[in-house]
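Below, each chain spelled out in residue letters.
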Number of protein chains: 2
Amino acid sequence: MTPPNTLFDLEPEGVPKKKAAAKKAAGKKAATKKAEPKPKTAAPRRRATAQSMAQKQREISVSEFFTKNRHLLGFDSPLKALLTAVKEAVDNSLDACEEAGILPEIAVELQQKTEKTFRMCVEDNGPGIIDTQIGKVFGKLLYGSKFHKLSQSRGQQGIGISAAGMYGQLTTGKPVRILSKTGKRKPAVEFMLSIDTAKNRPEIHSAEEAQWEKSHGTRVEIEMEAKYQKGLRSVDMYIKQTAIANPHLTLHFTDPTGEKVTYARNTKEMPPETIEIKPHPHGVELGRMIAMLKDTSCRSLSGFLQEEFSRVGPKVAKTIIKSAGKSLTEKSYPSRIAREEASALHTAIQDTKISSPSTECIAPIGEELLLAGLKKELEADFYVAATRPAAVYRGNPFQIEVGIAYGKPGGVGLEMNDEGRIKKKDKAKASTEDLVGAADEQIRVLRLANRVPLLYQQSACAINKGVIQTNWRQYGMNQPRGGLPVGPMAVVVHIASVWVPFTSESKEAIASYPEILKEIKLALQICGRKLGTYIRKGKRLKREFDKREYIEKYIPHIGIALQEIMGLTNTERDKTVDTLEDVLHKSRKF
Amino acid sequence: MTPPNTLFDLEPEGVPKKKAAAKKAAGKKAATKKAEPKPKTAAPRRRATAQSMAQKQREISVSEFFTKNRHLLGFDSPLKALLTAVKEAVDNSLDACEEAGILPEIAVELQQKTEKTFRMCVEDNGPGIIDTQIGKVFGKLLYGSKFHKLSQSRGQQGIGISAAGMYGQLTTGKPVRILSKTGKRKPAVEFMLSIDTAKNRPEIHSAEEAQWEKSHGTRVEIEMEAKYQKGLRSVDMYIKQTAIANPHLTLHFTDPTGEKVTYARNTKEMPPETIEIKPHPHGVELGRMIAMLKDTSCRSLSGFLQEEFSRVGPKVAKTIIKSAGKSLTEKSYPSRIAREEASALHTAIQDTKISSPSTECIAPIGEELLLAGLKKELEADFYVAATRPAAVYRGNPFQIEVGIAYGKPGGVGLEMNDEGRIKKKDKAKASTEDLVGAADEQIRVLRLANRVPLLYQQSACAINKGVIQTNWRQYGMNQPRGGLPVGPMAVVVHIASVWVPFTSESKEAIASYPEILKEIKLALQICGRKLGTYIRKGKRLKREFDKREYIEKYIPHIGIALQEIMGLTNTERDKTVDTLEDVLHKSRKF
């Protein structure tokens with residue numbers, strides 16, 4: 001390759017006068033402060049050279065990077081930091097329990113230590129962590145098992161819990177405490193550790209055997225600068241939503257005042273096992289494919305395509321290779337394929353029709369359990385849920401489900417019981433948390449990604465966009481233009497995917513891929529139509545209820561009149577009255 | 001420390017049935033697929049154990065992380081990727097030139113290679129990069145000289161240019177080409193390299209001596225999947241705004257059609273040298289301070305406070321140590337200070353009044369040069385600029401400046417020349433890029449951070465918020481509630497800081513710290529008031545112009561009449577007419 005013609009074609013006006021800098025670059029160390037007289041600028045200037053600059057360059061550890069940029073991980077304010085830390089710990093516990101096939105039972109406790117500091121304790125009954133791994137799992141950023149595989153899990157990056165510990169260390173100077181036990185006949189181990197941020201590696205202060213009555217599990221304690229308050233983006237709310245999204249989980253929460261809540265599990269059935277899948281050919285970039293060609297153990301191109309990708313069989317492989325051009329055959333040796341050939345292969349893949357990836361790797365909550373969760377945790381008059389079939393964005397399978405809870409008990413509506421009878425409302429039972437808001441408020445949008453509640457950055461999230469872009473007026477709701485609908489309603493939207501496309505590492509909002517947005521809107525429409533029927537029915541119901549109440553008053557009198565006319569016994573009369581009431585109910589058109 | 005009481009106080013319902021998992025954890029390798037009969041779930045489940053999970057855990061390289069999450073760095077779409085790559089390369093060139101005291105001259109060229117791929121070439125006249133560093137600078141993420149120091153520079157993280165190369169490699173499979181020369185008598189070197197993403201280190205394909213007529217500089221070429229189009233967030237716009245923000249820069253740009261533009265420098269004066277400062281005590285977290293206490297070479301606490309922080313003298317140090325409590329003295333040995341003492345010290349620092357950090361480390365563009373830049377690159381009727389004094393957020397000094405260009409030439413307004421006379425507008429000169437929009441459009445907000453234009457995520461940016469929160473109606477502009485004002489106007493806001501708080505690594509938006517928002521609004525108000533005067537004056541001017549035009553018609557006739565009455569010569573008459581015209585101009589009240 002020859003050097004290019006320079007791009008400059010003007011005379012470099014400023015340059016000749018600055019030759020000195022280049023000369024200096026020829027050897028001297030530039031830490032010397034020798035100021036040279038300069039013609040154009042007034043003050044003498046300490047000049048750097050290529051050499052002096054090279055001396056200052058060094059590697060930045062990923063821990064240092066994220067300490068300085070901790071807002072990227074969700075540790076930007078004491079309020080949010082507390083939530084993020086709890087979330088990361090609970091995510092890890094749930095993932096571990098599910099992977100080990102253990103029905104999860106998790107306890108979260110917050111203790112206030114000083115005015116500004118709290119201790120967070122999260123304990124699970126998971127499989128535990130073996131002692132040689134504890135340091136790395138809690139004391140090293142970018143360390144984990146989930147980054148390289150395509151399967152649905154809460155954690156993805158191997159950053160979260162270590163970052164929480166790093167934040168604790170940064171704000172209180174205190175190490176993280178970990179207690180773990182991998183089996184009944186194994187001793188528990190207790191670790192005190194911090195992160196050596198300059199090197200991104202754990203610094204273990206102590207590692208000792210300890211007594212723990214549990215048969216297996218992990219407990220992590222982090223002390224940190226934090227702020228605790230109730231509300232829509234509080235730890236309380238996260239805990240409640242986690243319980244809805246994970247019906248197989250029993251969750252205990254103790255808030256800083258010592259108040260305890262337990263969310264008992266709704267089902268003893270574990271979520272279906274999520275299977276790791278291979279990448280879909282349509283979602284793989286050229287550079288990534290070149291790397292795969294190099295790394296594969298397959299000895300033929302055809303084998304490579306079938307082995308390393310999902311949905312490629314002998315026939316599809318043949319079609320791809322054929323359309324990639326003459327220089328490639330099914331027997332081409334993968335690691336010897338040149339860049340140009342690889343590029344042709346990549347184009348051929350994009351041009352070949354390949355069936356969508358298998359969606360068995362996705363484990364949605366399911367309509368039934370989502371509905372049960374909503375009914376248990378959200379007090380409302382009407383519930384509906386829908387799970388869409390799985391779809392694909394950029395080669396990644398995903399699945400959307402939506403649940404709606406509508407109507408504030410004690411508020412506007414009347415309620416029917418399961419037999420279709422109008423039920424008297426138990427108005428005494430007040431909702432403790434306002435997940436279903438007031439009639440004149442914007443609806444609440446509860447966002448879940450792989451069963452994890454998302455509490456921040458709602459407006460940047462595809463879920464929020466999906467709700468706004470749905471026409472709720474057609475379902476009888478009020479909705480200002482370009483805004484969320486208004487009414488006593490909570491909408492839960494769950495996206496399950498092998499790779500949730502978050503807009504930032506703090507995993508707060510989902511990127512608006514068109515495919516995702518479309519599925520969200522379709523799922524909302526399914527629920528919306530049922531909601532519309534209910535809302536309209538509610539309005540009719542109200543009218544009929546008024547009428548019927550009037551008629552019902554007279555049924556006993558009609559009974560007495562019939563008794564006299566037809567000479568009925570008292571039993572016959574009462575039976576007739578019952579029959580009349582039944583007829584009245586059945587005559588309802590809805 | 002003793003193990004805690006377990007947080008569980010309910011019987012763990014699901015757990016006993018899952019004991020098997022814990023047993024299994026006692027020794028066997030879990031890759032075995034042996035399915036055990038389970039009482040509660042239907043299908044047999046492959047269970048992971050602490051051991052099998054440990055085997056899957058591994059380190060994730062920061063390159064892999066950012067390849068998968070490349071949207072975090074601004075490489076989410078082909079359109080944005082091109083802009084981001086150019087920006088990163090130009091940022092690096094400018095930083096290097098300024099550090100070396102060289103008046104920068106940079107050439108950017110885009111070449112279309114295929115339908116979907118472009119080659120980006122950026123060449124500077126900077127100090128060059130020595131050959132042992134080239135690999136790391138371009139082939140390793142998180143490597144650089146600017147991360148650890150507090151000084152104003154464009155680059156901060158040591159990610160940008162390597163990430164651009166990584167994106168090119170991922171999408172085209174092609175390596176990055178670098179040409180560099182550190183001095184006239186040194187040979188140029190040519191490198192072809194890619195990034196080994198699994199290890200985050202450079203993979204050098206070739207490194208050879210090359211011929212290059214330049215005396216010093218660096219040229220980088222990256223081929224990547226990209227999309228080129230004109231518009232408000234285009235490379236063209238970035239180039240233009242870079243020229244405005246860097247009046248000492250000569251910038252050549254060749255677009256993919258081969259069209260060339262040159263933005264010649266406005267000044268030969270380099271921006272004032274930015275000095276590295278020490279952290280301000282009020283901006284340092286406890287954990288960071290503990291690390292500093294460990295690392296310092298100072299042998300006394302008093303010395304440590306004075307050496308490692310800015311704005312701490314013997315007196316302030318004394319006050320801090322005194323208020324930190326009895327166990328600490330001025331002579332305490334820093335590395336022997338216990339955590340509890342450090343915590344008391346940290347509290348004492350927060351409670352002590354310490355003067356704000358030195359703001360000499362900030363180099364704003366300056367009102368004069370900003371104004372000159374606006375006048376040169378933006379065609380408008382009225383220009384105003386203001387630079388605020390430096391302020392501080394979280395211990396970091398920053399400075400805000402604002403420039404406004406108002407009025408579309410050939411559009412609404414009339415114009416006065418410097419002597420206050422009404423000038424005829426040159427309506428032929430059309431503006432090539434619509435930086436000053438139409439009268440019925442939202443104004444354009446041009447955001448600059450450390451002289452780098454920000455083109456994405458405007459709505460998430462503190463600058464945008466500052467503009468929206470300013471009441472422009474009082475300055476005679478239209479402004480819908482909660483929105484940007486409407487009118488033919490461009491507002492440039494520049495934040496210069498030793499550490500710009502970006503909301504993401506892609507450096508697109510500035511976090512809304514209250515101090516920053518306040519300064520932005522104050523600067524906008526200064527310019528706004530002058531704009532208001534101009535707009536009101538413009539309205540009066542229009543009225544008076546109509547009147548005066550009418551009077552001016554008659555002045556020659558008055559001259560002739562006076563000549564007749566007073567017997568003036570022609571010269572005397574002309575003089576009188578001139579005097580009358582002068583009197584008329586001076587009689588204007590504004």
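Residues numbered from 1 in each chain as written. Chains lettered and ligands numbered in written order. Predicted model: local features only at pLDDT ≥ 70, side-chain atom pairs only at ≥ 80, totals over all residues. Heavy atoms only, no water.

Engineer: Before we move on, can you summarise the overall build of chain A with the specific residues and values?
Structural biologist: When helices and strands are counted, chain A shows 15 helices and 18 strands. Accessible surface, chain A: about 26100 Å² in total, of which carbon and sulfur atoms supply 50%. (Helix = DSSP H or I, 4+ residues; strand = E, 2+ residues; numbered from the N terminus. Areas by Shrake-Rupley, 256 points an atom, 1.4 Å probe, with all protein chains shown as cover.)

Engineer: Describe the pairing of strand E7 (residues 201–210) of chain B, with residues and values.
Structural biologist: All names here are of chain B. Where strand E6 (residues 188–196) lies against E7, 9 bridges are found, and the strand directions are antiparallel. Within the sheet, the bridge partner assigned to Val-189 lies in E7 and is Glu-209. If you look at the hairpin formed by E6 and E7, you'll find 4 residues sitting between the two strands, and Asn-200 has a positive phi there, around 50°. (Pairing = 2+ DSSP bridges.)

Engineer: Let's hear about the state of the cysteines: which residues, and what values?
Structural biologist: Applying the stated criterion across every chain yields a total of 0 disulfides over all chains. Cysteine A:Cys121 shares no disulfide, and the gap to the nearest cysteine sulfur, in A:Cys97, comes to 17 Å. (Disulfide = S-S within 2.5 Å.)

Engineer: An account of the side chain of B:Ser332 is requested, with residue identities and associated values reported.
Structural biologist: All names here are of chain B. In this structure, Ser-332 sits in the loop between helix H10 (314–323) and helix H11 (339–351). At 2.9 Å, the side chain of Ser-332 forms a polar contact with the backbone nitrogen of Thr-329. Leaving out residues up to four positions away in the same chain, Ser-332 has contacts with Arg-299, Ser-300, Leu-301, Ser-327 and Ile-337. (Polar contact = N/O pair within 3.5 Å; in protein donor to acceptor, adjacent residues only side chain to side chain. Contact = heavy atoms within 4.5 Å.)

Engineer: Give me the lowdown on a nonpolar patch on the surface, citing residues and values where you can.
Structural biologist: A grouping of A:Tyr554, A:Ile558 and A:Leu580 is seen on the molecular surface, where their side chains present a nonpolar patch of about 250 Å² in accessible area. Within the fold, A:Leu580 resides in helix H15 (residues 570–586). (Patch = residues over 30% accessible without salt bridge, like charges linked within 9 Å, V, L, I, M, F, W, Y side chains within 5 Å. Salt bridge = Lys/Arg side-chain N within 4 Å of Asp/Glu carboxyl O.)

Engineer: Describe in detail the sheet that holds strand E2 (residues 105–112) of chain B, supporting the description with residues and values.
Structural biologist: Think of a sheet as strands paired side by side through backbone hydrogen bonds, with each pair either parallel or antiparallel. Residues and elements named next belong to chain B. Ordered in space as E7-E6-E5-E8-E3-E2-E9-E10, the 8 strands form an open sheet in which the pairing is mixed. Each edge of the open sheet carries a strand with a single partner, namely E7 and strand E10 (260–263). Across the sheet, the mean angle separating the axes of adjacent strands is 15° when strand polarity is ignored. Sheet analysis places strand E9 (residues 250–254) next to E10, joined by 4 bridges and oriented antiparallel. Within the sheet, the bridge partner assigned to His-252 lies in E10 and is Thr-262. Across the sheet, helix H6 (residues 160–172) lies against strand E3 (117–124), strand E5 (176–181), E6 and strand E8 (217–225), angled at about 35° from E8, the strand it touches most. (Axes fitted to C-alpha atoms, helices over the stretch in contact; angles between N-to-C directions.)

Engineer: Please give an account of the pairing of strand E8 (residues 217–225) of chain A that cites residues and values.
Structural biologist: Residue and element names in this part refer to chain A. Of all 9 residues making up E8, 8 are buried, and the element is well covered by its neighbours. One ladder, built from 8 bridges, connects strand E3 (residues 117–124) with E8; its direction is antiparallel. Looking across to E8, one finds that Asp-124 is bridged to Thr-218. The sheet contact formed by strand E5 (residues 176–181) and E8 spans 5 bridges and is antiparallel. Residue Leu-179 lies in a different strand from E8, and its bridge partner there is Arg-219. (Buried < 20%, exposed > 50% of the residue type's maximum accessible area, 1.4 Å probe, protein only.)

Engineer: Lay out the sheet that holds E8(A) with the relevant residues and their values.
Structural biologist: All names here are of chain A. Spatially, 8 strands are ordered E7-E6-E5-E8-E3-E2-E9-E10 in an open sheet, and the strand pairing comes out mixed. Every interior strand has two partners, whereas the edge strands, strand E7 (201–210) and strand E10 (260–263), have only one. Each strand of the sheet is rotated relative to its neighbour by a mean of 15°, with strand direction disregarded. Seen against the sheet, helix H6 (residues 160–172) touches E3, E5, strand E6 (188–196) and E8 and runs at an angle of roughly 35° to E8. This element, helix H7 (residues 235–245), spans strand E2 (105–112), strand E9 (250–254) and E10 of the sheet and lies at about 170° to E9.

Engineer: Please provide a residue-by-residue account of the confidence of the model for chain A, values included.
Structural biologist: Residue and element names in this part refer to chain A. In this model, chain A carries a mean pLDDT of 83, and residues with pLDDT of at least 70 account for 85%. Taken element by element, the predicted model of chain A shows its lowest mean pLDDT in helix H1 (residues 19–25) (42) and its highest in E2 (97). Segment residues 1–5 is flagged for pLDDT under 50; beyond a separation of four residues in sequence, or across chains, it makes 12 contacts in the model. For the stretch residues 9–44, pLDDT sits under 50, and the model shows 61 contacts to residues farther than four places along the chain or on other chains. If you check the scores for this complex, the pTM reads 0.76 and the ipTM reads 0.72. (pLDDT = per-residue confidence, 0-100.)

Engineer: Let's hear about the side chain of B:Asp124: which residues, and what values?
Structural biologist: Looking at the element boundaries, B:Asp124 is found in strand E3. For B:Asp124, the side chain forms a polar contact with the main-chain nitrogen of B:Gly126, separated by 2.8 Å.

Engineer: Kindly report on helix H4 (residues 78–99) of chain A, identifying the contributing residues and their values.
Structural biologist: Residues and elements named next belong to chain A. With 22 residues, H4 extends 32 Å between its outermost C-alpha atoms, agreeing within 8% with the 32 Å of an ideal straight helix rising 1.5 Å per residue. By the criterion of burial, H4 is predominantly enclosed, with 18 of the 22 residues buried. In the segment just after H4, Gly-101 is the residue with positive phi, at about 70°. (Expected span 1.5 Å × (residues − 1).)

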